Structures are given as structure tokens and as C-alpha cells.
Amino acid sequence: MIKLDKFIQGINNKDPRAWKELYRFYYGALCNYSSSIINETSVAEDIVQECLIMIWKSDLYFQDIKILSSYLYKSVYNNTCESAVGFLVQRRKDNQLHT
């Protein structure tokens, strides 16, 4: 693995090598975290992928690994909760249509 300061610099500069390391290190753990909340592996994978894409497309700047890690987990948590609420709302609508 590359040194942490170069890693963070690479993330901030959209360096594909740093992003490959980010993906390798965080993807599985973030998917497990999301899946532990919603209990749906494929949805969790989509959520994590969307969070990573959003960060790639953004102008966010991370000062260190702790801030990056916190941001990743909080983004996945928020998007997982949002997805779960959307699922429950849709289920309620579906149930109302069938009653």
C-alpha cells in the first residue's frame, strides 16, 4: 500500500491508483456495514458504489485518513437509511393498493 499522505493526496487528486487502493481497502467493509443495516447484500453494494461515485465526482478534499474514513461510513449510513425508508414507504403504498 502507498503511504497515507500520498494516498490521501491521490484521493483528493482523483489518482486512479489511490482510488483502486481505496476500493480494495474499503469496499468490502462498507458493503458489510450497509448490509448489516438493511440485510440486503445487492442493495448494499449499490449504495456503496453510489457513495464512491459521488465522492469521485465531487470537489471534496480530505485532510487525513480519519476524515476520509468517517466521511465514507457516514455517507454509506445515510444512504442506507434513506434507501430503507424508501423501501418501507413503497411497501406501505403497495399494501394500500392491495387492501
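Everything here concerns the structure above.
Residues numbered from 1 in each chain as written. Predicted model: local features only at pLDDT ≥ 70, side-chain atom pairs only at ≥ 80, totals over all residues. Heavy atoms only, no water.

## Section: the pattern of salt bridges
What counts is decided by this rule: Counted as salt bridges are all cases of a side-chain nitrogen of Lys or Arg within 4 Å of a carboxyl oxygen of Asp or Glu. Exposure categories follow from relative accessible area, calculated using a 1.4 Å probe and restricted to protein chains: below 20% of the type maximum is buried, above 50% is exposed, and the middle band is partly exposed. Helix numbers and strand numbers start at the N terminus; a helix is a DSSP run of H or I with at least 4 residues, a strand a run of E with at least 2.
Scanning the model with the defined rule gives two salt bridges in all. Asp15 serves as the salt-bridge partner of Arg17, at 3.1 Å between the closest nitrogen and oxygen. Residue Arg17 is classed as exposed on the basis of its relative accessible area of 63%. Here Glu21 ties to Arg24 by a salt bridge, and the two come within 2.9 Å at their closest N and O atoms. Taken together, the residues span about one helical turn, with Glu21 and Arg24 both in helix 2 (residues 16-38) at a distance of three residues.

## Re unusual backbone geometry
Notably, Lys14 is not glycine yet its phi reads approximately 60°, a positive angle. In this structure, Lys14 sits in the loop between helix 1 (4-12) and helix 2. Unlike most non-glycine residues, Asn39 shows phi in positive territory, near 60°. Checked against the element boundaries, Asn39 lands in the loop between helix 2 and helix 3 (41-57). A residue is classified by how much of its surface remains accessible, and Asn39, at 67% relative accessible area, is exposed.

## Remarks on the environment of Ile8
Our working rule: In what follows, a contact means two residues having at least one pair of non-hydrogen atoms within 4.5 Å.
Structurally, the position occupied by Ile8 is in helix 1. Here Ile8 falls in the buried class, since its relative accessible area comes to 7%. A sequence separation of 54 residues divides Ile8 from Phe62, and the C-alpha atoms of the two residues are 6.8 Å apart. Contact partners of Ile8, with chain neighbours within four places excluded, come to Phe62, Gln63, Asp64, Ile65 and Leu68.

## Quick notes on the environment of Cys81
Structurally, Cys81 can be placed in helix 4 (residues 65-97). Its relative accessible area of 26% is what places Cys81 among the partly exposed residues. Considering only alpha carbons, one finds Cys81 and Ile38, 43 residues apart in sequence, at a separation of 8.0 Å.

## Topic: the nonpolar core
Keep this limit in mind: To qualify as a nonpolar core, a set must consist of buried Ala, Val, Leu, Ile, Met, Phe, Trp, Tyr and Cys residues joined through side-chain atoms within 4.5 Å.
Counting residues in each nonpolar core, the largest one holds 21 residues, and the members touching the most others are Phe7, Ile11, Leu22, Val48, Leu68 and Leu72. Taken together, the elements giving at least two residues each to this core come down to helix 1, helix 2, helix 3 and helix 4. Take this core: its biggest share by element is eight residues, from helix 2. Beyond its immediate chain neighbours, meaning those up to four positions away, Leu68 contacts Phe7, Ile8, Ile11, Leu22 and Phe62.

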